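# Structural features, examined
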Amino acid sequence: GQQLNQSPQSMFIQEGEDVSMNCTSSSIFNTWLWYKQDPGEGPVLLIALYKAGELTSNGRLTAQFGITRKDSFLNISASIPSDVGIYFCAGQRETSGSRLTFGEGTQLTVNP
Amino acid sequence: NAGVTQTPKFRILKIGQSMTLQCTQDMNHNYMYWYRQDPGMGLKLIYYSVGAGITDKGEVPNGYNVSRSTTEDFPLRLELAAPSQTSVYFCASSYSNRLNQPQHFGDGTRLSIL
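Residues numbered from 1 in each chain as written. Chains lettered and ligands numbered in written order. Predicted model: local features only at pLDDT ≥ 70, side-chain atom pairs only at ≥ 80, totals over all residues. Heavy atoms only, no water.

This next bit is on the packing of aromatic side chains. By the definition in use, this model includes nine aromatic pairs over all chains. A ring pair is formed by Phe 102 of chain A and Phe 105 of chain B, whose centres lie 6.1 Å apart and whose planes are at 75 degrees; its orientation type is edge-to-face. With Phe 102 of chain A in strand β10 (residues 100–102) and Phe 105 of chain B in strand β10 (residues 104–105), this residue pair bridges two chains. Both residues of the pair, Phe 102 of chain A and Phe 105 of chain B, belong to the buried class. Three or more aromatic residues link up through ring pairs in this structure, and these residues are Tyr 35, Phe 88 and Phe 102 of chain A together with Tyr 33, Tyr 35 and Phe 105 of chain B. Here Arg 68 of chain B stacks its cationic end above the ring of Phe 74 of chain B, 6.0 Å away from the centre of that ring. (Phe/Tyr/Trp six-rings, centres within 6.5 Å; stacked < 30°, edge-to-face > 60°. Helix = DSSP H or I, 4+ residues; strand = E, 2+ residues; numbered from the N terminus. Buried < 20%, exposed > 50% of the residue type's maximum accessible area, 1.4 Å probe, protein only. Lys NZ or Arg CZ within 6 Å of the ring centre and 35° of its normal.)

The next point concerns the pattern of salt bridges. Following the criterion strictly, the structure yields four salt bridges over all chains and no others. In this structure, Lys 36 of chain A engages Asp 38 of chain A in a salt bridge whose closest nitrogen and oxygen atoms are separated by 3.1 Å. With a relative accessible area of 29%, Asp 38 of chain A lands in the partly exposed category. Among the salt bridges present, the one from Arg 36 of chain B reaches Asp 38 of chain B, with a minimum N-O distance of 2.9 Å. Here Arg 36 of chain B falls in the buried class, since its relative accessible area comes to 11%. (Salt bridge = Lys/Arg side-chain N within 4 Å of Asp/Glu carboxyl O.)

A word on the sheet that holds strand β8 (residues 76–78) of chain B. Residues and elements named next belong to chain B. Read from one edge to the other, the open sheet built from four strands follows the order β1-β3-β8-β7, with strand pairing classed as antiparallel. Strands with a single pairing partner mark the edges of an open sheet, and in this sheet they are β1 (4–7) and β7 (64–66). Neighbour-to-neighbour, the strand axes of the sheet open up by a mean angle of 20 degrees, direction not taken into account. In this sheet, β8 lies alongside β7 in antiparallel orientation, the contact comprising three bridges. Its bridge partner lying in β8, Val 66 is registered against Leu 76. (Pairing = 2+ DSSP bridges. Axes fitted to C-alpha atoms, helices over the stretch in contact; angles between N-to-C directions.)

This brings us to the interface of chain A and chain B. Listed by partner, the interface residues are 23 residues for chain A and 23 residues for chain B. When chain A packs against chain B, the two sides together hide about 1,900 Å² of surface, and 57% of this comes from carbon and sulfur. When the area that chain A buries against chain B is broken down by residue, the three leading residues are Ser 98, Arg 99 and Phe 102 of chain A, summing to 26%. Our count for the chain A to chain B interface comes out at zero salt bridges. Summed over the shared surface of chain A and chain B, the result is three residue pairs in polar contact (both at pLDDT 80 or more). Where the side of chain A that touches chain B is concerned, the elements lending two or more residues are β4 (31–37), β9 (85–92) and β10 of chain A. Here the side of chain A that touches chain B gets three residues from one element, more than from any other, and that element is β4 of chain A. (Contact = heavy atoms within 4.5 Å. Buried area = accessible area lost by both parts, 1.4 Å probe. Polar contact = N/O pair within 3.5 Å; in protein donor to acceptor, adjacent residues only side chain to side chain.)

Bringing unusual backbone geometry into the picture now. A cis amide bond links Ser 7 of chain A to the next residue, Pro 8 of chain A, at an omega of -5 degrees. Position of Pro 8 of chain A relative to the elements: it lies in the loop between β1 (4–7) and β2 (10–14). Cis rather than trans, the peptide bond between Thr 7 of chain B and Pro 8 of chain B has omega equal to -5 degrees. Not every positive phi belongs to a glycine, and Arg 69 of chain A is a case in point at roughly 65 degrees. Phi is positive for Asn 28 of chain B, close to 60 degrees, though the residue is something other than glycine.

Our next topic: the nonpolar core. Ranked by size, the top nonpolar core spans 21 residues in total, and within it Trp 32, Trp 34, Leu 74 and Leu 108 of chain A carry the most contacts. Contributing elements (two or more residues each) for this core: β2, β3 (19–25), β4, β5 (44–49), β7 (61–65), β8 (71–76), β9 and β11 (106–111) of chain A. Residues within four places of Leu 74 of chain A in sequence aside, it is in contact with Val 19, Ser 20, Met 21, Trp 34, Leu 46, Ile 47, Leu 61, Thr 62, Ala 63 and Tyr 87 of chain A. Among the nonpolar cores identified, the runner-up in size contains 19 residues, and Leu 13, Trp 34, Phe 74 and Leu 111 of chain B belong to it. (Core = buried A, V, L, I, M, F, W, Y, C linked by side-chain atoms within 4.5 Å.)

Here the focus is the pairing of strand β9 (residues 87–94) of chain B. Side-chain positions along a regular strand alternate between the two faces of the sheet. All names here are of chain B. β9 sits mainly inside the fold: eight of its eight residues count as buried. Summarising the sheet, strand β4 (residues 31–37) and β9 pair through seven bridges and their orientation is antiparallel. Note that in β9 the partner of Arg 36 across the bridge is Tyr 89. Where β9 lies against strand β11 (residues 109–113), three bridges are found, and the strand directions are antiparallel. By the bridge assignment for β11, Ser 87 is matched with Leu 111. Looking at chain direction, β9 and β10 are connected through two bridges and run antiparallel.

Coordinates in, geometry out; function isn't part of it.
Below you can see the structure in the form of structure tokens.
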């Protein structure tokens, strides 16, 4: 069953604001991934994290792999209208091969 | 670059009908996956394949079948469509199961069963 808790479920913000969302798990993951899904499209990989404590940026996006390996967060700075979409975290374990476990998603709405 | 291509994009089925969702990738990836996404939920793994001729069940395999006769193609079959299978289906692929080889997704097939 679902093992990742992602929050918040949805966010409504003004353009220019910063955004933070996170995922937590009761068990350890070896990799954390953050995907974005635009309406009518498949998820697109934003950031991949491979080491506990790792902090990685991709433009205005920053993600961190928690020290305990049971959590990760994604920050978006200075949001713009095209940031609208659903953001998913996903975890991967060495023992599960390539299989991913997904969070339930954070629906982000940015008001211009 | 085509990447992962899914067809059809939309389909409406009647209860009890069967259909095949097509997925093909041109990246020479060994690993392929089928997920379903229900409203307000994350993706759940239906089946996956680690190479041609090899398939395995994921989290929610009941009511589905897959085959992998070539590296490029990984079709998903619904034999007796049920309303509970109304969902958006995503196919994905990756080069290997190594942790630094992330999955790439197609644009999905939106399936409604009435």
